[in-house]
Every structure is written in structure tokens, then in C-alpha cells.
2 protein chains.
Amino acid sequence: MITSQQINEFTQIVGENFIFTDIETRQNYGHDETEDYNFPPNVVVKPANTIEVSEIMKIAFQNEIPVVPIGGRTGLSGGALSIHGGIGLSMERFNKILEIDEKNCQVTTEPGVITQVLKDSLAEQGLFYPVDPSSMGSCFIGGNIAENSGGARAVKYGVTKDYVLNLEVVLPNGEIIWTGANTLKNSTGYNLTQLMVGSEGTLGIVTKIVLKLLPVNQHNVLMLVPFYKAEQACEAVSAIFRAGIVPSALEFMERDAIDWTMQYVDGVSVAINDGIEAHLLIEVDGNYPEVLMQEAEKILEVVENYEIDEVLFADSTDQKNALWKLRRAVGEAVKSNSVYKEEDTVVPRYELPTLLKGIKEIGKKYGFHSVCYGHAGDGNLHVNIVKQEMTDEAWQTEVPKGIVEIFELTKSLKGTISGEHGIGYVQKNYLPIVFSDVELHLMKGIKKLFDPKGILNPGKILPDNL
Amino acid sequence: MITSQQINEFTQIVGENFIFTDIETRQNYGHDETEDYNFPPNVVVKPANTIEVSEIMKIAFQNEIPVVPIGGRTGLSGGALSIHGGIGLSMERFNKILEIDEKNCQVTTEPGVITQVLKDSLAEQGLFYPVDPSSMGSCFIGGNIAENSGGARAVKYGVTKDYVLNLEVVLPNGEIIWTGANTLKNSTGYNLTQLMVGSEGTLGIVTKIVLKLLPVNQHNVLMLVPFYKAEQACEAVSAIFRAGIVPSALEFMERDAIDWTMQYVDGVSVAINDGIEAHLLIEVDGNYPEVLMQEAEKILEVVENYEIDEVLFADSTDQKNALWKLRRAVGEAVKSNSVYKEEDTVVPRYELPTLLKGIKEIGKKYGFHSVCYGHAGDGNLHVNIVKQEMTDEAWQTEVPKGIVEIFELTKSLKGTISGEHGIGYVQKNYLPIVFSDVELHLMKGIKKLFDPKGILNPGKILPDNL
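None of the values given here were measured: they were computed from a predicted structure.

> What am I meant to see in the overall build of chain A here?
Broken down by element type, chain A carries 14 helices and 18 strands. Taken over the C-alpha trace, chain A has a radius of gyration of 22 Å; the compact-globule value for 466 residues is 23 Å, and the two agree within 12%. Considering only C-alpha atoms, chain A reaches an extent of 70 × 60 × 45 Å along its principal axes. Counting all 466 residues of chain A, 63% fall into the buried class. Of the contacts formed within chain A by residues at least 6 apart in sequence, a portion of 74% connects residues at least 24 apart. When the accessible surface of chain A is split by element, carbon and sulfur atoms take 46% of a total near 16600 Å².

> Please clarify how the environment of Ala257(B) should be interpreted in this entry.
Residues and elements named next belong to chain B. Here Ala-257 is to be found in helix α9 (residues 255-264). For Ala-257, a relative accessible area of 0% gives the class buried. It is 8.2 Å that separates the C-alpha atoms of Ala-257 and Gly-331, two residues lying 74 residues apart in sequence. If near-sequence neighbours (up to four positions away) are discounted, Ala-257 is found in contact with Val-330, Val-334, Val-371, Cys-372 and Tyr-373.

> Would you mind going over the domain arrangement of chain A with me for this structure?
The parts lose accessible area when they come together, and the size of an interface is often stated as this lost area. Residues and elements named next belong to chain A. We note that the domain assignment places domain 1 (4-90), domain 2 (97-215), domain 3 (217-334) and domain 4 (338-451) within chain A. Taken residue by residue, the interface counts 11 residues in domain 1 and 10 residues in domain 4. Taking both partners together, domain 1 and domain 4 bury about 910 Å²; carbon and sulfur atoms supply 58% of that area. Counting the surface domain 1 buries against domain 4, the share from its top three residues, Glu-35, Leu-76 and Ser-77, is 63%. Linking domain 1 to domain 4 there are 1 salt bridge. Across the pair Glu-35 and Lys-341 runs a salt bridge whose closest N-O atoms are separated by 3.2 Å.

> Is there a simple way to explain the interface of chain A and chain B in this structure?
Every contact between the two is made by 84 residues of chain A and, on the other side, 85 residues of chain B. When the buried surface of chain A facing chain B is broken down by residue, Lys185(A), Ser187(A) and Tyr190(A) rank first, second and third, together holding 15% of it. Here chain A is connected to chain B by 4 salt bridges. A salt bridge links Glu420(B) to Lys185(A), with the shortest nitrogen-to-oxygen separation between them at 2.9 Å. It is helix α14 (residues 437-450) of chain A that provides the largest number of residues to the side of chain A that touches chain B, a total of 9 residues. Residue classes in the side of chain A that touches chain B are distributed as 32 nonpolar, 32 polar and 20 charged.

> So what exactly am I meant to see when it comes to the packing of aromatic side chains here?
Describing an aromatic ring pair means giving the distance of the ring centres and the angle of the ring planes. Applying the stated criterion to the full structure yields 14 aromatic pairs over all chains. With centroids separated by 5.2 Å and ring planes inclined at 80 degrees, the aromatic side chains of Phe407(A) and Tyr430(A) adopt a geometry described as edge-to-face. Taken together, the positions of Phe407(A) in helix α13 (residues 392-412) and Tyr430(A) in the loop between α13 and α14 put the pair 23 residues apart, joining distant regions of the chain. On the basis of relative accessible area, Tyr430(A) is assigned to the buried category, the value being 15%. A ring pair is formed by Tyr37(B) and Phe39(B), whose centres lie 6.0 Å apart and whose planes are at 20 degrees; its orientation type is stacked. Exposure remark for Phe39(B): the relative accessible area of 21% places this residue in the partly exposed category. Clustering of aromatic rings is evident, with ring pairs tying together Tyr37(A), Phe39(A) and Tyr425(A). The aromatic ring of Tyr340(A) is capped on one face by Lys335(A), whose charged end is 5.2 Å from the ring centroid.

> Is there a simple way to explain the sheet that holds strand β13 (residues 249-254) of chain B in this structure?
Remark on secondary structure: sheet strands pair via backbone hydrogen bonds, oriented parallel or antiparallel. Residues and elements named next belong to chain B. Read from one edge of the open sheet, 7 strands run β15-β12-β14-β13-β17-β18-β16, paired in antiparallel fashion. Strand pairing shows two members of the sheet lacking a second neighbour, β15 (312-313) and β16 (340-346), which therefore form its edges. With 2 bridges joining them, β13 and strand β17 (residues 369-375) adopt antiparallel strand pairing. Each bridged residue has a counterpart across the sheet, and for Met-253 the counterpart in β17 is Tyr-373. Of the strands in this sheet, β13, β14 (278-286), β17 and β18 (380-386) are in contact with α9, which crosses β13 at around 85 degrees.

> Mind showing me how you'd approach the packing of helix α8 (residues 230-242) of chain B against helix α10 (residues 289-303) of chain B here?
The packing of two helices is summarised by the inter-axis angle and the distance between the axes. Residue and element names in this part refer to chain B. Where α8 contacts α10, the two axes come as close as 9 Å, and the packing angle between them is 135 degrees. As judged from the angle between their axes, α8 and α10 are oblique. α10 is crossed by α8, and the crossing has right-handed handedness. Across the interface between the two elements, Ala-236, Ala-239 and Ile-240 of α8 pack against Ile-299, Val-302 and Val-303 of α10. Of the residues that constitute the contact of α8 with α10, the class distribution is 6 nonpolar, no polar and no charged.

> I would appreciate a short explanation of the relation of the copies chain A and chain B in the present structure.
Take chain A, turn it by 180 degrees, move it 0.0 Å along the axis, and it overlays chain B with an RMSD of 0.0 Å. Given the turn and translation reported, the copies of this chain are related as if by a two-fold rotation axis. Taken as a fraction of all interface residues of chain A, those also at the interface in chain B reach 100%, which identifies the copy contact as same-surface.

> Explain the nonpolar core to me, please; I cannot follow it from the model alone.
One recurring pattern in soluble globular proteins: nonpolar side chains tend to sit buried together. Within the largest apolar cluster, 183 residues are counted, with the highest numbers of intra-cluster contacts made by Phe252(A), Val303(A), Phe252(B) and Val303(B). Other than its neighbours up to four places away in sequence, Val303(B) contacts Val225(B), Phe227(B), Ala236(B), Ile240(B), Ile282(B) and Ile308(B).

> What is the right way to look at the environment of Glu295(A) in this model?
By the secondary structure assignment, Glu295(A) is in helix α10 (residues 289-303). Each residue touching Glu295(A), except ones within four places of it in the same chain, is listed here: Ile245(A), Val284(A) and Tyr288(B).

> I keep staring at the UniProt feature "domain: FAD-binding PCMH-type" (unreviewed entry) in chain A and nothing clicks. Help me out?
Within this structure's numbering, the places UniProt gives as "domain: FAD-binding PCMH-type" (unreviewed entry) are residues 37-216 of chain A. Along residues 37-216 of chain A one finds 22% helix and 23% strand; the C-alpha atoms at either end are 39 Å apart.

> Please clarify how the sheet that holds strand β1 (residues 19-20) of chain A should be interpreted in this entry.
All names here are of chain A. In space, the 4 strands of this open sheet follow the order β1-β2-β4-β3, with mixed pairing throughout. Where the open sheet ends on each side, the last strands, each with one partner, are β1 and β3 (67-70). Where strand β2 (residues 43-45) meets strand β4 (residues 87-90), 3 bridges bridge the pair, whose relative direction is parallel. Residue pairing in the sheet places Val-45 in a bridge with Leu-89 of β4. Lying over the sheet, helix α3 (residues 50-63) contacts β2, β3 and β4, oriented at roughly 170 degrees with respect to β4.

> Can you walk me through the pairing of strand β10 (residues 205-212) of chain B in this structure?
Residue and element names in this part refer to chain B. Of all 8 residues making up β10, 6 are buried, and the element is well covered by its neighbours. Two strands pair when backbone bridges link them, and strand β6 (residues 106-109) and β10 are joined in this way by 4 bridges, in the antiparallel orientation. Looking across to β10, one finds that Val-107 is bridged to Leu-211. Bridge analysis of strand β8 (residues 164-170) against β10 gives 6 bridges, and the strand direction is antiparallel. Paired with Asn-166 across the two strands is Val-210, which belongs to β10.

> For this particular structure, what's the right way to read the pairing of strand β5 (residues 97-101) of chain B?
All names here are of chain B. Alignment of β5 against β6, held across 4 bridges, turns out to be antiparallel. Looking at β6, one finds that Ile-100 is bridged to Val-107. Linkage of β5 to β6, two consecutive antiparallel strands, is achieved through a turn of 4 residues, within which Cys-105 is found at a positive phi near 55 degrees.

Here is what the cut-offs are and how they apply
Residues numbered from 1 in each chain as written. Chains lettered and ligands numbered in written order. Predicted model: local features only at pLDDT ≥ 70, side-chain atom pairs only at ≥ 80, totals over all residues. Heavy atoms only, no water. Helix = DSSP H or I, 4+ residues; strand = E, 2+ residues; numbered from the N terminus. Rg over C-alpha atoms; globule rule 2.2 N^0.38 Å. Buried < 20%, exposed > 50% of the residue type's maximum accessible area, 1.4 Å probe, protein only. Contact = heavy atoms within 4.5 Å. Areas by Shrake-Rupley, 256 points an atom, 1.4 Å probe, with all protein chains shown as cover. Domains from an automatic or database assignment. Buried area = accessible area lost by both parts, 1.4 Å probe. Salt bridge = Lys/Arg side-chain N within 4 Å of Asp/Glu carboxyl O. Nonpolar A, V, L, I, M, F, W, Y, C, P; charged D, E, K, R; others polar. Phe/Tyr/Trp six-rings, centres within 6.5 Å; stacked < 30°, edge-to-face > 60°. Lys NZ or Arg CZ within 6 Å of the ring centre and 35° of its normal. Pairing = 2+ DSSP bridges. Axes fitted to C-alpha atoms, helices over the stretch in contact; angles between N-to-C directions. Parallel < 35°, antiparallel > 145°, perpendicular 65-115°, else oblique. Left-handed = near helix turned anticlockwise from the far one by under 90°. Least-squares fit on C-alpha atoms with pLDDT ≥ 70 in both. Core = buried A, V, L, I, M, F, W, Y, C linked by side-chain atoms within 4.5 Å. UniProt positions renumbered as here; feature names shortened; annotations may be inferred.

What follows is the structure, encoded as C-alpha cells:
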């Protein structure tokens, strides 16, 4: 597929230390965190700067070679898988924070910076980048742009798209563009910036990112509330907002999720009474501790209307970190426990109890167990369907039927099929559940406009038969 | 251009009471607030619902008749002008708030609802839609979507695009789509919602709007700070943020702006000492009055580092309303004073003093006077170039050169040419100052994808010679 002549050309661009054709490296760049898939590229190329990306793309465009931009490989929808081979374009050398602009509360960064590293560097300057996907210790900020990542603080602070002001992008034909301006407001032409965010590396390769920032909030209060009924935990979520509180995090964990995670993570343990079905992890933040205590008390008043056990207040930074470690490890813990499929359902938040109930009924109908957790404040529920003792046949025939019904349920509740993980490879054929033919053809037209030869991250987002 | 046969067809769709061909009505729908332009449509049609819009568009598409969606006609870039005649599609009968969904903190509304009416109806239910363009007493929420409108509270709460979850849209060929889902998070396919927001009625006609809302903030503190030097007022803007405060409004007004407005508006008067060049109007809001007082004190500490006169605290609702009335009337007051051109410059906020200084120098060079005011917290400065005693010739030859230089300056400061008014008719030929040919051709491709025959709001946004 890729000739030795082309390999030579790429080597001249990036240097011989940054191009790999051995099977080990290719397999290493052939997976992310999506199930057990591995689609190795034919060659792994690691460019150092925008010009190198542009030169690679010009050759790829001319020769119609597939190119898949690869970030931290923590994705959950298969966005970084080289399903048609070609060039795996690792962005790991784009690892510089270019300018922390304290005066304008902005940062310009390369896409290969690890999200946690970016957040920490900004915090040192008193600046706050609020988006915190659970994978932030290893995911790249560029991957967050690609998937429009969310996380626990999205409920108060929004998702990645809400912080992106401007992007430098290399188009499939190698041309370099900027999508906008470094301004908080912008009504100048069509919004190319927002079109690029969440496009999963299918329209262009992001090479520079300008983000807006906030001042750091100095205080927070964190509490863990055990509910005897999982559906009541879901009901409490919208009741908290209706009491006028906007928490900085409002996370839901089913009993299995928390039990399995305590076995998986060392040194984090919470005593849980028999009969507890779910927990809410609730945080409020701000600069005035006395206000946070008032808000915490209001939240207590709300949750006490439900069947709950004793509320745990984290009373030290260590205890807060332990609870967050627990919450952030749920995904990995559940996945380590069994073969799985993760669905990223999202609905208006008041519909959460209906969604949870429906998922359990659908599971019963098709014979699968699911472990649910997620960002309840946003109505974003991660549904981990675990194989456990299911037969391979049932796993392959019954589960997909169940997924269709789950997605039809989210649609009927005015929700959709991905809140923050993207469509990528594994959800693309479910897209017609939530979009009409006309809508899908508009999306196909957008793809074609940016990538007329279909070389950039092919076989993603859009359904196969479109 | 439009045959009597076609008029009959449109009449059958909307009924004879809702179609107009008389010159008075056509001229009435041929202007907005952009300078003194009037481009009447050939016929004014007032559909009642989505199906009627769709049927009208099918006929227009088949016969290649231009269609211009018309809202509250308060626009400042000529987005609603029928510059190629055709159908003026007034959305005024889309005036129903369809569902206030308190449980999910959302509202579904038709686009012809006046923004202030929407805000007030929501406030009655304890819900807060923060976007507040100065024209909110007469503009339509649909027009806000079209222009991605901002306003005074954008500095803390964001602009229209930050609240739009989902849109029902009639495409130029009459097809009806929904752009997204009613969810706070969404990573499902390309972001058609954000592509539609700010597209100035050139890609589709918005017929239903789903917005997210916040709980109402119960308290605020408002202060007016007089500065002896206008540039120091601009400098104070970013200093306030660097002190860790995010005000809910931070407005800048040059001396002329406030003087002219006091003459224009009855019953609002502020004593201003000689030598004062500008004012900042600063608001903080929240639920805890004691916190707001602390924040106000911090702001005082910041502004006292500059040459200021005595700060006025608004100590009653009446006084607050009076100050806001003054601020909101500036645009109209300045425009009533002289023939004018309004530019909607926006830069990163720390660059405001440089922008203001540059604008004054450019004005000197080309012999024009400008009155500047706007949303300084966002770096969004409205530059009103007033004709006053300039000759017609200088107005027509020198001013455009000056505008080019002002826009080049905003670009060099990493800003752009419209923060919240849109490009529309009057700014389209300046677009190449901020976008490259490649970027402009992507935008042209998007227009062509949605509107292959170019019938919807033709001659807007994209430069004539593209």
C-alpha cells in the first residue's frame, strides 16, 4: 500500500528516528482503549511541526494514502484506529505549551501535550482549564479537541468546545489554515472552529490550539452520598439543580462500579452498607468557603428527601484525592473485570431515571449485565455492557440488538448516542438512529468538502452504507 | 422576478392576510438598523409554521427565487436586507414559547419571540437566559441565533452559541432537519448546530430553538467608574480579571458616548467632571450579597490604581435600571447624532488600550471622528465612525481606507472584524483581511453544500469576488 519510495520521502521529512515500520511499533499505535481492537497502520510517522505535517499530507493526498492522526490512545470509540492501514501520524512530539498568556487568560499549546500536564502548568500561574476527562493523566489535549471531551466538571464549566477559541489545522491536501481568532466573541464567517472540534480527526489535523481560561477557584467541598435505590440517585440529580445549585461535579456510580473499583485500586476504600444500589459524588467549588458550606447544606436538604445512608464529607485533600481516584478509575476497573462494550448515552438530566430503568430492562430482555456510571449532572451515563458468563454467540448477536434499543431509548428521551466519547469506529453504524438521511448527507458533504479524496481517518463517524 | 402565478402559490400556503406586495410594506421590511440602507423584497411573506416555510422554500428552490429570513430588523451588518429582492420571509408569526422545561433547565421556543419577552417569561419560572444584546427589547431570538449575538453579560455567561442545544431548520430546498439533541453534551457527528449559529440566515431557516438555561442569580452590585484617561479605563479591564474577578458585565463608554446619550434619553443623568474621558460600568452578580460586596471592594482596589474620579454605586433597582438604560441607549443615541458607520471590532481583552489608541490615530490620519463603547470585558469595542462635518467625498473615499486599517490592526492583535454583529452585507468585502483564500473557499463550499442554488440570503457574508 505504501511504497519504499514513499517511505523514503517521509523519512526525509521527519528524519529516520521518527518513522517506524516494525510490527511491534505498528501494533502499539494500532489500538486505543476501545474494546480489544487493534488495527495497526502500515507505517508510524512522528512529525515535529506543522510544516512536516503539511509535507506528509501533500504526499498522502497525491498518492491517496490513508492518514490517521494518533494522540494519547485513550479513546473509547476507536477514533485513532488505522482501520484501513496507511500512515499512523503520532502527534506525540507536539508536546510544547507555546504561550501561557496570563494577561488575556489564554493559552496557546500544541496538541500532543497531556491534558493533566497542561492543567498543572496553568494552575501554577493561577489559571484554570476546567475540562477533566477521566483519562487526563494520559490523553492529549489534541485528542480532547477531536472528541469534544467532557469530564466531571463539565456540568458547571462545559466541555472542550466551550474553551476552544482558535485552531491551526493542516487540511488533507496539506494546506494550513487558522479557523478563527483569539477572541472570546466571534461572529465573523462560518464557525470553522466549532466544526473542527469533535470532528474526530476526519476533517483536518490540529497542530496548534488556543484555549480560553478562567481564574482558579480556591476552595471546594466534596461529598459522597449512598442511595438505597439507584433510580432515586438519578432523581436527586435534577432536584439539586432545581434547588438553584450548580455543582462543579455531580457523578453517579452504580454499586458494582464502586465495588469493582475498590478491588482494582489500591488504598481507596469506602464502607458501604448492604442494600446500597448507587452513589452520587457531589462537589461545589468557589472562592468563599462559607458560601460552599451553605450550598453543601442545601444539597444535603435535597438528598435527604430520598432513601440514603450516611453522607461522607471528604475532610482533607488526601480524602478528596482518594474519592476522585476512585471515581476516575471506574472505567478501567470495570473494563479489567470482563470483556465489555461501553456506550456513552446522554439525555436531558431529568430523564436519567427513565434511561437507567430502560437500560436494565433491555439488559434483561437480551440477557446482559450492565454497569452504569458517569456524569449525571449532564445526563451523561456510561453504560458498560460486560460479557462475564455470556456465550460468544449471545455477545455477538443479542448485545447489538440491545444497544440499538438503548440508543432508540436515548433518542426518544431527546438525547443522543454519544455525550463525550465520539462516534469513531464502533458507533458509526448506529448514527442513523439519531440522524435522518438528509442530516447524514449534509455531514457527508462536509467530509467531502474538507477531504475530497477521503484519505483522512477514513471509515470513521459516517455509517458504512451512506 | 416573481410571477403572479408564484404569488398565488405563496398565497395559498400562508393565506391572503399574510402576503404583501405594496411598496410601503416592502420598504418597511427592506431595512434593519444598518446605516440608512433600504433594500425592499419583491414580496413580504409571513408564514405561520415550519411546514409553510418548507413549502415556500420548495417553490423558491425550484424557481431560484432569493429568500431573505427577516427577524426583528435590529441588525447592524445588514443581514436582513433583501439586496437581490425576492421573498422577504418575516418570521414574526413564530412568536410562541413552546415549552419551558423547568425540570431540565431548558426552553423550546419559536424564533420570532422577542428576546426580552423570552427572558422575562423564563425569569418568572426562576430560570435565567443570560444573553442580553442591547436591542433585546425588539430583536428576535432567531436573529440572535443568526448573528451569534452577545451583549453585556457575555463576559461571564457567554454568547448565544453557548446556549443553543438543538435547532429545527428548513434547508433551502425545503427539507426539514434537526441539528443535534436536547443535551448538554454531544459528541455525535459533525456539529451542525454550531455551524448554523452565526450563519446569518444563509444556510437554513431556523424554525425551532432549544436553549439551555441557568438558575436565576438573585443579587448584583453595579458601579460606574469615571476615568480621566480612556486608555487607562481599557487597561483596568484586564487588571480586574487578573485580580481573580469575573464580573457579570464590564462595559466601556467614551465621554462622547455618555454625553450624547444623556441628551438623547429622558430622565437619566450622571454628573461628570471636566476631563473625564471614559467610564467603566461594572457589575458582579450571584446569590450571596456578602460575597458581592467583597468582590466590589476588590474591584475598587484595582481601579484606584488609575486616575479616576468618584465611583458611583447604584443603590436601588431604579438607579441600576437607569444606568443600564443609559448604557443600552448609547448605540441609538450615537446613531441619531450623525450619519455613521459602526464597526464591531474584537481583540483579546488586554489589547484593548492598543486598539483604542490605534483607532484614534487612524481617525486622525483619515480625518474622521469616532465614538467608541462596548463590551470591554470581552475585548469587544464598537467603533462608531460619525460623519458630522465630513464632506460626502471624504466619507466615501477616506473612511473605507480607515476601516481597512482598523481591521488590519484588530487582526494584528489576534482579533477579528466582528464580535457579535455579524458580517452580513456591509462587512463582507473586508473578510479577506482576516481569512485566507483557503479558509474563504472552505466557507464558500459550506454555503454551496447547504444552498447549491444560492437562493438563501444571497450576497451576504462571503466577499463578492470570491
